[in-house]
Amino acid sequence: MPEPARLSASTPSVDPALQPRLVLTDLDGSLLDHHSYDFSPAAPWLARLKQMGVPVVPVTSKTRAELIPLREALGLTATPFIAENGAVIGLPPGWCHARLDRPGSGRDGVVIKHPGVDIGFIRARLKVWRERLDIRFTRMGEMSVAEVMELTGLDAVRARDARQREGSEPLLWEDSAVALETFRAALEGDGLQLTQGGRFWHVMGRSADKGNAVEWLVKRFTALRGRMPLSLGLGDGPNDITMLEAVDQAVVIRGCHDLAVEPRNASLYRTDATGPTGWSEGVAYWWGRDDRRLATAEKGDAAVL
Ligand SMILES: O=C(O)[C@@H](COP(=O)(O)O)O[C@H]1O[C@H](CO)[C@@H](O)[C@H](O)[C@H]1O
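Residues numbered from 1 in each chain as written. Predicted model: local features only at pLDDT ≥ 70, side-chain atom pairs only at ≥ 80, totals over all residues. Heavy atoms only, no water.

So, the site of the ligand
Every one of the 20 residues lining the ligand counts as a neighbour, but Asp26, Thr60, Glu66, Arg199 and His202 are closest to it. Between the ligand and the protein, one listed contact pairs an oxygen atom with a side-chain N or O atom of aspartate 28 at 3.0 Å. In this structure, glycine 198 approaches the ligand through a main-chain N or O atom, which is 3.1 Å from an oxygen atom. The cavity that encloses the ligand is the largest cavity. Each residue belonging to the shell around the ligand can be placed in one class, and the counts come to six nonpolar, seven polar and seven charged. (Near = heavy atom within 4 Å. Polar contact = N/O pair within 3.5 Å; in protein donor to acceptor, adjacent residues only side chain to side chain. 1 Å grid on protein atoms, 1.4 Å probe; cavity = no way out; pocket = protein on both sides within 12 Å on 5 of 7 lines; lining within 4 Å. Sits in = over half its atoms within 2 Å of the grid points. Nonpolar A, V, L, I, M, F, W, Y, C, P; charged D, E, K, R; others polar.)

Things to note about the sheet that holds strand β5 (residues 111-113)
Strand order in this open sheet of three strands is β3-β4-β5, and the pairing throughout is antiparallel. Unpaired on one side and paired on the other, β3 (81-83) and β5 mark the two borders of the sheet. With strand direction ignored, the average angle separating the axes of adjacent strands in the sheet is 20 degrees. One ladder, built from three bridges, connects strand β4 (residues 88-91) with β5; its direction is antiparallel. Counted as the bridge partner of leucine 91 is valine 111 from β5. On the sheet, helix α2 (residues 64-74) packs against β3, β4 and β5 and is oriented at approximately 145 degrees with respect to β3. Against the sheet, helix α7 (residues 210-225) touches β3, β4 and β5, its axis set at about 25 degrees to β4. (Pairing = 2+ DSSP bridges. Helix = DSSP H or I, 4+ residues; strand = E, 2+ residues; numbered from the N terminus. Axes fitted to C-alpha atoms, helices over the stretch in contact; angles between N-to-C directions. Contact = heavy atoms within 4.5 Å.)

Here's the deal with the UniProt feature "domain: Sucrose phosphatase-like" (unreviewed entry) in the protein
Look at the UniProt record and you will see "domain: Sucrose phosphatase-like" (unreviewed entry) annotated at residues 127-286. Annotated as residues 127-286, this span is 43% helix and 24% strand, and its ends, taken at the C-alpha atoms, are 45 Å apart. (UniProt positions renumbered as here; feature names shortened; annotations may be inferred.)

Re the sheet that holds strand β11 (residues 249-254)
The five strands are arranged β2-β1-β10-β11-β12 in an open sheet whose pairing can be described as parallel. In this open sheet, the two strands that pair with only one neighbour each are β2 (56-58) and β12 (268-274). Strand after strand, the sheet turns through a mean of 20 degrees between neighbouring axes, direction not considered. As paired elements, strand β1 (residues 21-25) and strand β10 (residues 230-235) share five bridges and run parallel to each other.

Below is the structure:
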């Protein structure tokens, strides 16, 4: 899959009432509670967006295997998903392009794209750099299911699904901040990058971050519908920054961690609440803002008439 060119974060100003919408959302710590993975505080907004025909796209470092039951539970089986921080993109039939995609042979006819590099290469390079640089970390693939459960609070089935990586490897960093920068530079030489989630560091291909995947999906939307969507992105972690810089309207959800999340996006709202309550706060902020703007414009029109 060719690497998409960076789009500008700001679209030309089009009346939001006329422009189709697209919501792109992180999962852990955003749509899902960081600790319990509950999403019920966001359910009313999810239902409302579905009713309005606004696609809600999960953009997560979770795996494709983890997303199968989650998309069902969230009612998002008809929308695409971005998994493993952008290394895996899933397109349901309604998002496939007659000329560009072979019909999906997987579950529900979903077509899978792999914009990054293979997990085998990532694991081989991690082994090389650990020995050569004498650095300490533990890869998720080296952890037992019980250890993943202990670290994440996931149950056994979900912890097993989290270990089924295709294009990114989470790891626990157990060395100094200086060693981390040496490691980062070594990975860059291999065409790999490091990003940080709420719990783990993640290694994946240079072109496979959340921002690149979101830009690719926005282009796909535009190619299918003939109109560029107004995109709203929501996230709580450093691995969400590229996504929050690629969308028109961004929401930084207050994290359950001390990690800095400073995306360069002029249209940015920071929530007071954490997790799915913060998620609803962020969606309501942007929807309310556009509704108020439209109401004012309508009043203005009426005055002119
Ligand atoms: O690094 C982390 O904290 C999270 C981040 O996930 P998001 O990108 O916030 O959905 O992802 C890892 O841990 C999850 C459990 O908390 C696992 O479900 C994911 O597979 C793993 O990548």
